[in-house]
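Structural features, examined
Take a look at the letters that make up each chain.
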Amino acid sequence: MRLFGRSHAECIGCILEGVPKGTPIDSEYIESQMALRKPSDGIGTPRKEKDEVIIEYGAPGGISDGGPILMAIRNGNRNSSAYAGFARTPRPGHADLPALFRFRDYDVAGGAQFSGRMTAPLVAAGAVAKTFLRSKGMEVAACSSAIGSVSDAHDRTFAEVVGSTIFPTRAADAELDAAMREEILSAGRDGDSVGGIVSCMVTGIPIGTGGMWFDALDVSVTRMMMSIPAAKGVEFGKGFSIASMRGSQSNDPYTVRDGGIVAEKNDMGGVVGGMSDGMPLTFRVAFKPTPSIAKEQRTVDLKAMTDATVSVKGRHDPCIVPRAVAVVEAMAAIAVMDQVLSFPPDIKA
Ligand SMILES: Cc1cc2nc3c(=O)[nH]c(=O)nc-3n(C[C@H](O)[C@H](O)[C@H](O)COP(=O)(O)O)c2cc1C
């Protein structure tokens, strides 16, 4: 997949390759997925975009022709005035400083190619991947499991995770949604921001699906997750907490149930040796607090080469997590689709 455009360019989009001929490219479904990435009133950026996905090539009559699929989205709501100063006093936590050194003609407007806006075409591509996976019996869902100091204390079922789509914070229940919302609003009132954790599940991946080493299932998923702006960590199954267990605790014993092989629990997160063990693929992604905040922060004045301060006045998400949930789902679907097509098991369970 390739991305093109910038936050304040005419349009953004993606070119998706490798989608099998005959895969339905359903505009209504794509639109429903795009809606899940849109900012919610009060807890998201005031920048509102229509996010209409135009499929330029590759899907005549709504069916993939097997060639590259080009999807474009217009940037309707652009206002670069709030960004001009960041070329001189770069925002800590955003890409401004390193990008100004990396690209001689870098234009900071809207966060350019590093903006969260670039995740809109990812969600469109993810909708195609989800449709493909569903036709093979695989489903992807994610929810917010922590925002700031508010954490979900429960292990959620797949149905509960799917149910998060009705809540603006993407929490798994109404009580958690209210607490997470207040956490975001409280940070916003302080001119500050909060981060959090997105939990994702992919069900139905056949046992033995996955590449090896640099192409392994968990490696591919991690690569996609760490490509999402503001992602700072990924863990599978019990993740970092598995380090303090004994093998007798952490290993997931196998058993035969209804004629099939299953594990009795899923501390490995459904991946062993870089291949699916047939259990749901479960992983969590940590997102940092939004870097652009109104609170004054220390930075440097690149022209005067002195210390300086910066306070961000533009339109920003006080928390990235609720909108990142749809992006995590999309990127997981793309990674798993790629694994399913590239590294299928020799033997079907
Ligand atoms: C959906 C989404 C929305 C985002 N919105 C904002 C935002 O409003 N303001 C901001 O400063 N960063 C936002 N970000 C994060 C920045 O794009 C990101 O922190 C920046 O590009 C630096 O990259 P890094 O955090 O991966 O190092 C958003 C990220 C995502 C995924």
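Preceding this section is the structure that the text describes.
Computed from a prediction, not measured in an experiment: that's the story for all the values here.

With that out of the way, let us pick up the pairing of strand β7 (residues 196-203). With seven of eight residues buried, β7 lies mostly within the body of the structure. With seven bridges joining them, β7 and strand β13 (residues 281-287) adopt antiparallel strand pairing. Note that in β13 the partner of Val198 across the bridge is Val285.

Spatially, the five strands line up as an open sheet ordered β6-β5-β7-β13-β8, and their pairing is antiparallel. The two strands at the open ends of the sheet, each matched to only one other strand, are β6 (150-151) and β8 (231-236). On top of the sheet, helix α5 (residues 174-189) reaches β5 (139-147) and β6; it is set at about 55 degrees to β5, its chief contact.

What follows deals with the packing of helix α3 (residues 119-135) against helix α8 (residues 321-342). Between α3 and α8, the least distance of the axes is 7 Å, while the angle of their chain directions is 50 degrees. By the criterion of interaxial angle, the relationship of α3 to α8 is oblique. Where α3 crosses over α8, the handedness of that crossing is left-handed. Of the residues in α8, those in contact with Thr119, Leu122, Val123, Ala125, Gly126, Ala129, Lys130, Phe132 and Leu133 of α3 are Ala326, Val327, Glu329, Ala330, Met331, Ala333, Ile334, Val336, Met337, Val340 and Leu341.

Let us now look at the pairing of strand β15 (residues 306-310). The pairing of strand β14 (residues 297-301) with β15 spans five bridges and is classified as antiparallel. For Val300, the partnering residue across the bridge sits in β15 and is Asp307. Between β14 and β15, which pair antiparallel in sequence order, lie four residues; one of them, Met305, sits at a positive phi of approximately 50 degrees.

On the surface, Ile207, Tyr254, Val256, Ile261 and Val272 cluster together into a nonpolar patch covering about 490 Å² of accessible area. With respect to the helices, strands and loops of the structure, Ile261 is situated in strand β10 (residues 260-263).

The rules behind these values
Every chain begins its residue count from 1, and numbering advances along the sequence as written. Local features in this predicted model are restricted to residues whose pLDDT is 70 or higher, and side-chain atom pairs enter the listing and the counts only when it is 80 or higher, whereas totals over whole chains, interfaces and linings include all residues. Hydrogens and water are ignored here; the side-chain numbers use all heavy atoms of the structure. In this scheme, a residue with accessible area under 20% of its type's maximum is buried, one over 50% is exposed, and one in between is partly exposed, where area comes from a 1.4 Å probe on protein chains only. Going along the chain from the N terminus, every DSSP run of H or I of four or more residues is numbered as a helix, and every run of E of two or more is numbered as a strand. One requirement defines pairing of two strands: DSSP has to find at least two bridges between them. Contacts: residue pairs with any heavy atoms within 4.5 Å of one another. For helices, the axis comes from a line fit to the C-alpha atoms of the stretch in contact; other axes are also lines fit to C-alpha atoms, and the angle between any two N-to-C directions lies between 0 and 180 degrees. Note on terminology: angles under 35 degrees are roughly parallel, angles over 145 are roughly antiparallel, angles of 65 to 115 are roughly perpendicular, and the others are oblique. When the near helix sits turned anticlockwise from the far one by under a right angle, the crossing is termed left-handed; a clockwise turn instead gives a right-handed crossing. Only residues whose relative accessible area exceeds 30% and that form no salt bridge are eligible for patches; like-charged ones are grouped when within 9 Å, while nonpolar side chains (Val, Leu, Ile, Met, Phe, Trp, Tyr) are grouped when within 5 Å. Each accessible area value is a Shrake-Rupley result obtained with a 1.4 Å probe; residue values ignore everything except the protein chains displayed when judging cover. Put simply, a salt bridge is a Lys or Arg side-chain nitrogen that is within 4 Å of an Asp or Glu carboxyl oxygen.

Any functional reading would require information beyond the geometric quantities listed.
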